[in-house]
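Tertiary structure, described
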Amino acid sequence: MENECFFSILIYIFIPLIILWYYVRLVDKMKAEMVESPPIFSLFLVLISYTIIPIVTTFPILYDIMPVNESLIFYSYIAAPVVMIFVAAVNHGKRYFSRYHSGVYKASLIYLLIAPASVVVWVSLILGWGKSIF
């Protein structure tokens, strides 16, 4: 039980707070470096999508403690890949403007590989292929 509480606190509280801190830090760095048309909203979409993946992927393990809303599952596996394709398309031409544009572009494309891997892990946890995690 204590391992489940630790993982739920880590996944549901600390990871989103760390990602939020990282987002604010990157936005401040972009403003300090005076990046031309900074990808602030694209960066937000990418970081939110990456934050939701561990929450949705681990919900079969931690369902007793923190149930996951179905809208998060819908977003991370159906809507987020579409959003990431849109973010990649928007930042494709801008990817040489700065390292931030390039990073957002690459991260949005990498998400298209991570989401299917997350689905495999999610399904294996639901079907109980790895019964004893704790």
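For the structure itself, consult the block above.
Below, the structure is looked at part by part. Residue numbering note: each chain is counted from 1, following its sequence as written. Totals for whole chains, interfaces and linings use every residue, but because this is a predicted model, local features are given only for residues with pLDDT of at least 70 and side-chain atom pairs only at 80 or more, for both listing and counting. The basis for the side-chain values is all heavy atoms of the structure; hydrogens and waters are excluded.

Comments concerning the overall build of the chain
Test applied: Strands here mean DSSP runs of E at least two residues long; helices mean DSSP runs of H or I at least four residues long; both are numbered from the N terminus. When a residue's accessible area, from a 1.4 Å probe over protein chains only, is under 20% of the maximum for its type it is buried; when over 50% it is exposed; and in between it is partly exposed. The contact criterion used throughout is that any non-hydrogen atoms of two residues lie within 4.5 Å.
Across its full length, the chain holds five helices and zero strands. Mapped from its N terminus to its C terminus, the chain presents α and β elements in the order α-α-α-α-α. Going through the 134 residues of the chain one by one, you find that 38% of them count as buried. For the chain, restricting intrachain contacts to residue pairs at least 6 apart in sequence, the fraction spanning at least 24 positions comes to 72%.

Here's the deal with the packing of aromatic side chains
We apply this condition: Two aromatic rings, drawn from Phe, Tyr or Trp (for Trp, its six-membered ring), form a pair once their centres lie within 6.5 Å of each other, and the interplanar angle then sorts them: stacked below 30 degrees, edge-to-face above 60, tilted otherwise. A positively charged side chain is recorded as over a ring if its NZ (Lys) or CZ (Arg) lies within 6 Å of the ring centre. The angle to the ring normal must also be within 35 degrees.
Tallied over the full model, the rule gives three aromatic pairs. Between Tyr50 and Tyr111 the ring centres are 5.4 Å apart and the planes differ by 85°, which places this aromatic pair in the edge-to-face class. One end of the pair, Tyr50, is in helix H2 (residues 40-57); the other, Tyr111, is in helix H5 (residues 99-127), with 61 residues separating them in the sequence. Each ring, one from Tyr77 and one from Trp122, has its centre 5.7 Å from the other, and the planes form 55°; the classification is tilted. Linking Tyr77 in helix H4 (residues 70-92) with Trp122 in helix H5, this pair joins segments that are 45 residues apart in sequence. In terms of burial, Tyr77 and Trp122 fall into one category: buried. The cationic tip of Arg95 hangs over the ring face of Tyr105; the distance from NZ or CZ to the ring centre is 5.3 Å.

Quick notes on the environment of Ile48
Inspection of the secondary structure assignment puts Ile48 in helix H2. By relative accessible area, which is 32% here, Ile48 ends up partly exposed. Taking the C-alpha atoms as reference points, Ile48 and Pro16, separated by 32 residues in sequence, lie 8.4 Å from one another.

Remarks on unusual backbone geometry
Generally, phi is negative for residues other than glycine and the peptide bonds are trans, each holding for most cases. The residue Met34 is not glycine, and still its phi comes out positive at about 50°. Structurally, Met34 can be placed in the loop between helix H1 (2-32) and H2. Although it is not a glycine, Ser37 sits at a positive phi angle of roughly 40°. Inspection of the secondary structure assignment puts Ser37 in the loop between H1 and H2. Overall, Ser37 belongs to the partly exposed group, its relative accessible area being 35%.

Here's the deal with the pattern of salt bridges
Heads up, the rule is: One speaks of a salt bridge when a side-chain nitrogen belonging to Lys or Arg is within 4 Å of a carboxyl oxygen belonging to Asp or Glu.
Counted under the stated rule, the structure contains one salt bridge. Note that Glu33 and Arg99 form a salt bridge whose closest N and O atoms lie 2.9 Å from each other. Of this pair, Glu33 sits in the loop between H1 and H2 while Arg99 sits in helix H5, and the two are 66 residues apart along the sequence. By relative accessible area, Glu33 is classed as partly exposed at 42%.

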